[in-house]
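# Summary of structural features
Residue strings, one per chain:
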Amino acid sequence: MIAALTRIACGFALLSSLFCIGCTPGDAGEPAAAAKERLYRHIDTKRFREQARLAKTFCAREGMDTRICLLADMSIPSGKARLVAWDFRKDTFLTAGLMSHGCGAAPWGKDESREQPVFSNRPDSHCSSLGKYKVGKRGYSEWGIHVNYLPHGLEPTNSNAQARQIVLHGWDAIPDQEVYPDGAPEGWGCPAVSNACMTTLDSLLRRSKRPVLLWLYR
């Protein structure tokens, strides 16, 4: 009986950690709202809200999820939280986190283009691609928490996403918290996030009944 109650308590604790404070944990005992405000105080909610309105119109027209979407403002330096999971109904973000971009001609795993990334849809460019994506099939990843999602490029700027094997995944090298003026480590073009962030996103995406929009823009 005690063992069963312990398992139940642990389950509630895990759910609380995923949905209350998002990608980055707060201090022990800190209220969820206060932790979110402290961690993401620099985020321009108004700016994301304007983008979310465009996203909602697109999702409704295309038959995609009108409950949530993922927005990545790539004009924000990679060392700051620039990915948000947006709640259309509450008109605010549920969680936020760092997102890596492609290194291009720079060394893999460094942060040389942290404030001035180069974007490309060309195969073997090692760059990230801007544009709208439909988040597709959940699969196994060799990186992070071993979960990835296959994004389907919906625009000419990201039409080669599948051919380039671009996936949304977690990466051990990406910090849970902001590191600016340093940047997030750069890969070969995948939108990679921290393991904690990927855990939260995975939970949100698995509950969606329709395809979720991932939009990388600047």
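Heads up: these notes are all about the structure in this document. (Residues numbered from 1 in each chain as written. Predicted model: local features only at pLDDT ≥ 70, side-chain atom pairs only at ≥ 80, totals over all residues. Heavy atoms only, no water.)

### Describing the overall build of the protein
Condition: Under the scheme used here, helices are H or I runs from DSSP no shorter than 4 residues and strands are E runs no shorter than 2 residues, and both carry numbers assigned from the N terminus. Whether a residue is buried, partly exposed or exposed follows from its accessible area with a 1.4 Å probe, protein chains only, as a fraction of its type maximum: under 20%, in between, or over 50%, in that order. Shrake-Rupley sampling with a 1.4 Å probe provides the accessible areas, and residues are treated as covered by the protein chains on show and by no other component.
Counting its secondary structure elements, the protein contains four helices and eight strands. In the protein, the succession of α and β elements from N to C terminus is α-α-α-β-β-β-β-β-β-β-α-β. Here the protein holds 218 residues, and the buried ones make up 48% of them. Roughly 11,100 Å² of accessible area belongs to the protein as shown, and the carbon and sulfur atoms make up 53% of that amount.

### Some thoughts on the layout of surface pockets
As a reminder, the rule being used: Only protein atoms enter the 1 Å grid, on which a cavity is a set of points fitting a 1.4 Å probe that cannot get out and a pocket is an open set with protein on both sides within 12 Å along at least 5 of 7 lines, lining residues being those with an atom within 4 Å of a point. Grid points are joined across faces, edges and corners, and a volume is the space filled by probe spheres set on the points. Nonpolar residues are Ala, Val, Leu, Ile, Met, Phe, Trp, Tyr, Cys and Pro. Charged residues are Asp, Glu, Lys and Arg, and all others, Gly as well, are polar.
Here the largest pocket is characterised by a volume of approximately 490 Å³. What lines the largest pocket is a set of 19 residues, among which Trp143, Arg164, Gln165, Trp188 and Cys190 lie closest to the centre. For the lining of the largest pocket, the residue count by class is nine nonpolar, seven polar and three charged.

### Remarks on helix H3 (residues 45–62)
So the rule is basically this: Every helix has an expected span of 1.5 Å times one less than the residues it contains. The reported arc concerns the directions from the helix axis to the C-beta atoms and nothing else. Between two residues, a contact is recorded if the distance between any of their heavy atoms is within 4.5 Å.
Between the first and last C-alpha of H3 there are 25 Å, a value that for 18 residues agrees with the 26 Å anticipated at 1.5 Å per step. Turning to H3, its buried residues number three or more, namely Phe48, Gln51, Ala52, Ala55, Phe58 and Cys59. The buried side chains of H3 occupy one side of the element, clustering within an arc of 125 degrees when seen end-on. Projecting away from the buried face of H3 at angles above 90 degrees are the exposed residues Lys46, Arg53, Leu54, Ala60 and Arg61. Residues of H3 that are buried in the fold lie against strand E1 (68–73), strand E2 (83–87), strand E4 (131–139) and strand E8 (212–217).

### Observations concerning unusual backbone geometry
Residue Pro181 is bonded to the preceding Tyr180 through a cis peptide linkage, with omega at 20 degrees. Unlike most non-glycine residues, Asp124 shows phi in positive territory, near 65 degrees. Examined against the element boundaries, Asp124 turns out to sit in the loop between strand E3 (92–97) and E4. Residue class for Asp124 comes out exposed when judged on its relative accessible area of 69%.

In short, the description is geometric, and any link to function would need to be established separately.
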